[in-house]
There are 2 protein chains.
Amino acid sequence: MLKLTSKDNVNIKNAVKLKNGAKFRRRSGLFIAEGLRICRDAVLSGAEIESTFVTEDALTKHRQIIEEICEKSSNSFIVTDEIFRLLSDTQSPQGVLCVIKTLDKVTEFDTIKNGGKFLALENIQDPNNLGTVLRTAEAFGVDGVILTEDCCDIYNPKVVRGSMGAVFRLPFVTVDGIPSFLAENPGLESFAAVVDGSAEKLDKISFPQSCVAVIGNEGSGLRDSTVSACSHRLTIPMRGRAESLNASAAASIIIWEMIK
Amino acid sequence: MLKLTSKDNVNIKNAVKLKNGAKFRRRSGLFIAEGLRICRDAVLSGAEIESTFVTEDALTKHRQIIEEICEKSSNSFIVTDEIFRLLSDTQSPQGVLCVIKTLDKVTEFDTIKNGGKFLALENIQDPNNLGTVLRTAEAFGVDGVILTEDCCDIYNPKVVRGSMGAVFRLPFVTVDGIPSFLAENPGLESFAAVVDGSAEKLDKISFPQSCVAVIGNEGSGLRDSTVSACSHRLTIPMRGRAESLNASAAASIIIWEMIK
């Protein structure tokens, strides 16, 4: 394996840019997955791995798994701990990181025409929330996730990690806006999540075979135009003092009720 | 209001220590709440505020709310943006921060003797998870939260913020371990959350009037000794590929089912 010792090496520089910039990720069609488990997940999910960066230390500790990863990787590099820290997004890096080609999920998403249970996210900003929601959606077998363009980038390293690899496997599609998406898919019944006592109570709803639950921004919820475009409004009845739930907590409970 | 311009001022130094160290928080009986909304929440919840730090900018923008906060604060200081960044735990600080006395919640927790629905957390490490779980617990009216000593500090600034002020209001108690806590409260039926198809399915359980749901560490789940000490084992049935849920997602769904 080639050793890279300069932070000015072009592979290092590009990986740093992939870590930091959604625009660069989109333009290059690449993203980063960090950590032993998630890199292995990428291999098992058949993702196309462009390069793998490992530290000497990681290679000694986890040689077998890392060799499996590198076998599927077009390029593999050994880097110093110092350089790895430049690429890493975590406080205690494991010393393994892959640069992966973004997947074309659009064709997969034709399944939507055959019905199923979907989740739509509008303007979700926090990468930890988005990662958790994707992980939960996959755990319960949600058929696909629709994200508006103004959501946090699904290929943000924190999202990739928090999703526990769901980004590799879960069908998803990015749309301009929820109202136009709904207009194009008239067969889908849609449920806008709102904080409003007059909306349908989550525990009283019978979700139809083909439906989408729509969840909005952490601070401001769904846009009015999106709520109007949905066929139903749902609310999670609460008894306590808090005004609302964290977006990922609300999404988890809604997914659970929609699927169970 | 006194202006502090040196980062060597003792008030500044102590606040930085409160931000960074759980030990110092425990020893001094103080913690930090940051942000306009959460500081105001502290005032409304009747928390004892030792000092308030604000930037000139924040004071100009939010004079009325900040004056309300400072009225209830024993000391108030204006600090430069540079100093505020030393105290702050966020990337885009709002410029308002309170040092608050920790509350003695133990007596409140006598309610446990009168029954109710409780949540017990064992060795939860991630402050974002803990904050979210506390927020959800308050939203659904959980009667109290039991935390093991090895959980992330409930007064960690990230937990305080993520809880949306639930730490000010939710009864909680710290215990050495779950088995001894359960032994001391024999009237409580206990449900250990496990990933195991042979456990009772969450959607089939009728939670009794007086019970506690017990949730474990993000990576390793509950300790065997804790699972054995519980009267029931519960599992969240999943259909997808993920092996497990994020701890806060699992907790949200369990709280929802326990309370609804």
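Conventions we followed
Residues numbered from 1 in each chain as written. Chains lettered and ligands numbered in written order. Predicted model: local features only at pLDDT ≥ 70, side-chain atom pairs only at ≥ 80, totals over all residues. Heavy atoms only, no water. Contact = heavy atoms within 4.5 Å. Buried area = accessible area lost by both parts, 1.4 Å probe. Salt bridge = Lys/Arg side-chain N within 4 Å of Asp/Glu carboxyl O. Polar contact = N/O pair within 3.5 Å; in protein donor to acceptor, adjacent residues only side chain to side chain. Helix = DSSP H or I, 4+ residues; strand = E, 2+ residues; numbered from the N terminus. Nonpolar A, V, L, I, M, F, W, Y, C, P; charged D, E, K, R; others polar. Least-squares fit on C-alpha atoms with pLDDT ≥ 70 in both. Buried < 20%, exposed > 50% of the residue type's maximum accessible area, 1.4 Å probe, protein only. Pairing = 2+ DSSP bridges. Axes fitted to C-alpha atoms, helices over the stretch in contact; angles between N-to-C directions. Parallel < 35°, antiparallel > 145°, perpendicular 65-115°, else oblique. Left-handed = near helix turned anticlockwise from the far one by under 90°. Disulfide = S-S within 2.5 Å.

**Concerning the interface of chain A and chain B**
Part 1 of the reasoning: Every contact between the two is made by 30 residues of chain A and, on the other side, 30 residues of chain B.
Part 2 of the reasoning: For the pair chain A and chain B, the two sides together bury roughly 2,700 Å², of which 57% comes from carbon and sulfur.
Part 3 of the reasoning: At the boundary of chain A and chain B, one finds 2 salt bridges.
Part 4 of the reasoning: For A:E257, the salt bridge is made with B:K260, and the minimal N-O distance between the two is 2.8 Å.
Part 5 of the reasoning: One can count 6 residue pairs in polar contact (both at pLDDT 80 or more) joining chain A with chain B.
Part 6 of the reasoning: Elements that contribute at least two residues to the side of chain A that touches chain B include exactly α7 (127-139) and α12 (247-259) of chain A.
Part 7 of the reasoning: Class assignment of the residues belonging to the side of chain A that touches chain B gives a composition of 12 nonpolar, 8 polar and 10 charged.

**Digging into the relation of the copies chain A and chain B**
Part 1 of the reasoning: You can overlay chain A on chain B at an RMSD of 0.0 Å; the transform is a turn of 180° with a shift of 0.0 Å along its axis. Accordingly, the operation relating the two chain copies is best matched by a two-fold axis.
Part 2 of the reasoning: Comparing contact sets, 100% of the residues at the interface of chain A also lie at the interface in chain B, consistent with an isologous, same-surface contact.

**Looking at the pairing of strand β2 (residues 30-34) of chain B**
Residues and elements named next belong to chain B.
Part 1 of the reasoning: Within β2, 5 of the 5 residues are buried, which leaves the element mostly enclosed by the surrounding structure.
Part 2 of the reasoning: In this structure, β2 lies alongside strand β5 (residues 96-101), joined through 5 bridges in antiparallel fashion. Looking at β5, one finds that L30 is bridged to K101.

**A few points about the sheet that holds strand β4 (residues 73-79) of chain A**
Residues and elements named next belong to chain A.
Part 1 of the reasoning: Spatial ordering of the open sheet is given by β1-β4-β3-β5-β2, a layout of 5 strands whose pairing is mixed. Of all strands in the sheet, those with a lone pairing partner are β1 (2-4) and β2 (30-34), marking the two edges. Adjacent strand axes in the sheet meet at a mean angle of 25°, parallel and antiparallel pairs treated alike.
Part 2 of the reasoning: Where β1 and β4 come together, 3 bridges link them in parallel fashion. When the sheet's bridge partners are listed, L2 is paired in β4 with F77.
Part 3 of the reasoning: Helix α3 (residues 36-44) rests against β2, β3 (49-55) and β5 (96-101) of the sheet, and its axis sits at about 35° to β5.
Part 4 of the reasoning: The sheet strands contacting helix α5 (residues 63-71) are β3, β4 and β5, and the helix crosses β4 at an angle near 135°.

**Focus: the side chain of A:S76**
Part 1 of the reasoning: Topologically, A:S76 is positioned in strand β4.
Part 2 of the reasoning: In this structure A:S76 touches A:M1, A:L2, A:T52 and A:C70, once residues within four positions along its chain are discounted.

**Regarding the packing of α12(A) against helix α12 (residues 247-259) of chain B**
Part 1 of the reasoning: With their axes 8 Å apart at the nearest point, α12(A) and α12(B) run at an angle of 60° to one another. In terms of axis orientation, α12(A) runs oblique to α12(B). Here α12(A) and α12(B) pass one another in a crossing that is right-handed. Listed contacts from α12(B) to A:A249, A:S252, A:I253, A:W256 and A:E257 of α12(A) are B:A249, B:S252, B:I253, B:W256 and B:E257.
Part 2 of the reasoning: Its residues assigned to classes, the contact of α12(A) with α12(B) shows 6 nonpolar, 2 polar and 2 charged.

**A word on the environment of B:I69**
All names here are of chain B.
Part 1 of the reasoning: Its location among the elements puts I69 in helix α5 (residues 63-71).
Part 2 of the reasoning: Looking at I69, the relative accessible area reads 1%, which means it is buried.
Part 3 of the reasoning: Not counting the four nearest positions on each side in its chain, I69 is found in contact with L36, C39, R40, V43, T52, V96 and C98.

**Concerning the state of the cysteines**
All names here are of chain B.
Part 1 of the reasoning: Per the stated rule, a full pass over the model turns up 0 disulfides over all chains.
Part 2 of the reasoning: With no disulfide partner, C211 has as its closest neighbouring cysteine sulfur the one in C230, 11 Å distant.
Part 3 of the reasoning: With a relative accessible area of 0%, C211 lands in the buried category.

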